[in-house]
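# Reading the structure
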Amino acid sequence: MSIPGARRGLMLVLSSPSGAGKTTMSKRLLANDPQISLSVSATTRKARPGEIEGQDYHFVSNDQFDGLVATGQLLEWAHVFGNRYGTPRAPVETALTEGRDILFDIDWQGTQQLRQSQAGGDLVSIFLLPPSLEELEQRLKSRAADSDEVITQRMSRAADEISHWAEYDYILVNDDPGQCLHEIRSILTTERLRRERQRGLAGFVRDLLAGE
Ligand code: 5GP
């Protein structure tokens, strides 16, 4: 148990090549943990069927994205598959100060930028590996969200994304989604208990020793 209300929030990054189960893991994690919420990215990519504005992404024009960059409203941003994606700064800063955690579904480029940012100490990064490339391709095809051309692009980008695995704190192979989710939750529980995240600890221990 951590000291109630006295914790600094953490930034949990989940990266993987498309199709390695990251979105499913994020949704399941968020559904059962009220202390963590999703950072909703801005993107210049068009919405896919079923995606909801403000929930999956903030879908913006190129000009709007330029504006977000120019006014420093993004904590990080990157080009991915010919589109731009970025993390709005304000909701992250508010959550961390209020002791809430934020989940990021971003790529290795964004993770690098977050690590180098002022909030780098609040970062916990997890990389999900697929059990095999065949399995990855199968998952992308069964999703049926993208054209063959886009799937080919995503497969070639998968190798590039995977090549950054060693930059992450934790590496999980997602061959069993239930087990993988359990491992992500264990990491989160452990990281929340780190001494430097428990801001009220010095006072608590002082009172403890004083017998109060
Ligand atoms: P998709 O188009 O499939 O939703 O996302 C494509 C890739 O962009 C994924 O690897 C996803 O993690 C990454 N991505 C989504 N949002 C952001 C963001 O705000 N910043 C960065 N750097 N990558 C992002």
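For the structure given in this document, a descriptive report is provided here. Every value quoted in this text rests on a predicted model; they were computed, and no experiment measured them. (Residues numbered from 1 in each chain as written. Predicted model: local features only at pLDDT ≥ 70, side-chain atom pairs only at ≥ 80, totals over all residues. Heavy atoms only, no water.)

Now for the overall build of the chain. Per the secondary structure count, the chain includes eight helices and nine strands. Its C-alpha radius of gyration of 18 Å places the chain within 12% of the 17 Å reference for a compact globule of 212 residues. Its C-alpha atoms put the chain at 65 × 40 × 30 Å along the principal axes. When each of the 212 residues of the chain is scored for burial, the buried share is 43%. Accessible area of the chain: about 11200 Å², with a carbon and sulfur share of 52%. A distance of 3 Å separates the average location of the 24 positive side-chain charges in the chain from that of its 30 negative side-chain charges. (Helix = DSSP H or I, 4+ residues; strand = E, 2+ residues; numbered from the N terminus. Rg over C-alpha atoms; globule rule 2.2 N^0.38 Å. Buried < 20%, exposed > 50% of the residue type's maximum accessible area, 1.4 Å probe, protein only. Areas by Shrake-Rupley, 256 points an atom, 1.4 Å probe, with all protein chains shown as cover. Lys, Arg positive; Asp, Glu negative; His and termini not counted. Charge placed at Lys NZ, Arg CZ, Asp CG, Glu CD.)

Now for helix α6 (residues 148–162). Between its terminal C-alpha atoms α6 stretches 21 Å, which fits the 21 Å expected from 15 residues at 1.5 Å a residue. Buried within α6 we find Ile151, Arg154, Met155, Arg157, Ala158, Glu161 and Ile162. Looking at the buried side of α6, the elements it contacts are β1 (11–15), β5 (74–80), α4 (108–116), β8 (123–129) and α5 (133–143). (Expected span 1.5 Å × (residues − 1). Contact = heavy atoms within 4.5 Å.)

Look at helix α1 (residues 22–31) against helix α7 (residues 177–192): their axes get within 10 Å of each other, and the N-to-C directions meet at 55°. Relative to α7, α1 is oriented oblique. Note that α1 runs across α7; the crossing there is right-handed. Only Pro177, Gly178, Cys180, Leu181, Ile184, Arg185 and Leu188 of α7 make contact with α1, whose side of the interface consists of Met25, Arg28 and Leu29. Classifying every residue of the contact of α1 with α7 gives seven nonpolar, one polar and two charged. (Axes fitted to C-alpha atoms, helices over the stretch in contact; angles between N-to-C directions. Parallel < 35°, antiparallel > 145°, perpendicular 65-115°, else oblique. Left-handed = near helix turned anticlockwise from the far one by under 90°. Nonpolar A, V, L, I, M, F, W, Y, C, P; charged D, E, K, R; others polar.)

With that out of the way, let us pick up the nonpolar core. Ranked by internal contacts, the top residues of the largest apolar core, which has 17 residues, are Met11, Val13, Val92, Phe104 and Leu114. If you list the elements that add at least two residues to this core, you get β1, α3 (89–97), β7 (101–104), α4 and β8. Within the second largest apolar cluster, 16 residues are counted, among which are Leu10, Leu12, Met25 and Leu29. (Core = buried A, V, L, I, M, F, W, Y, C linked by side-chain atoms within 4.5 Å.)

This brings us to the sheet that holds strand β2 (residues 36–38). Note: strands within a sheet are paired through backbone hydrogen bonds, in either parallel or antiparallel orientation. Taken in spatial order, the five strands make up an open sheet running β2-β7-β1-β8-β9, and their pairing is parallel. Lying at the two open borders of the sheet, with one neighbouring strand each, are β2 and β9 (170–173). Shown here is a sheet whose adjacent strand axes are inclined to one another by a mean of 25°, direction ignored. Contacts from α3 reach β1 and β7 within the one sheet, and its direction differs from that of β7 by about 145°. (Pairing = 2+ DSSP bridges.)

Turning our eyes to something else, we now look at the sheet that holds strand β6 (residues 83–88). Ordered in space as β4-β3-β6-β5, the four strands form an open sheet in which the pairing is mixed. At either end of the open sheet lies a strand with only one pairing partner, and these are β4 (58–59) and β5. Judged from the two bridges that link them, strand β3 (residues 42–43) and β6 form a sheet pairing that is antiparallel. What sits directly across from Ala42, in β6, is Gly86. Of the strands in this sheet, β5 and β6 are in contact with α3, which crosses β6 at around 30°.

Fair warning: the whole summary comes from geometry, so function is off the table for now.
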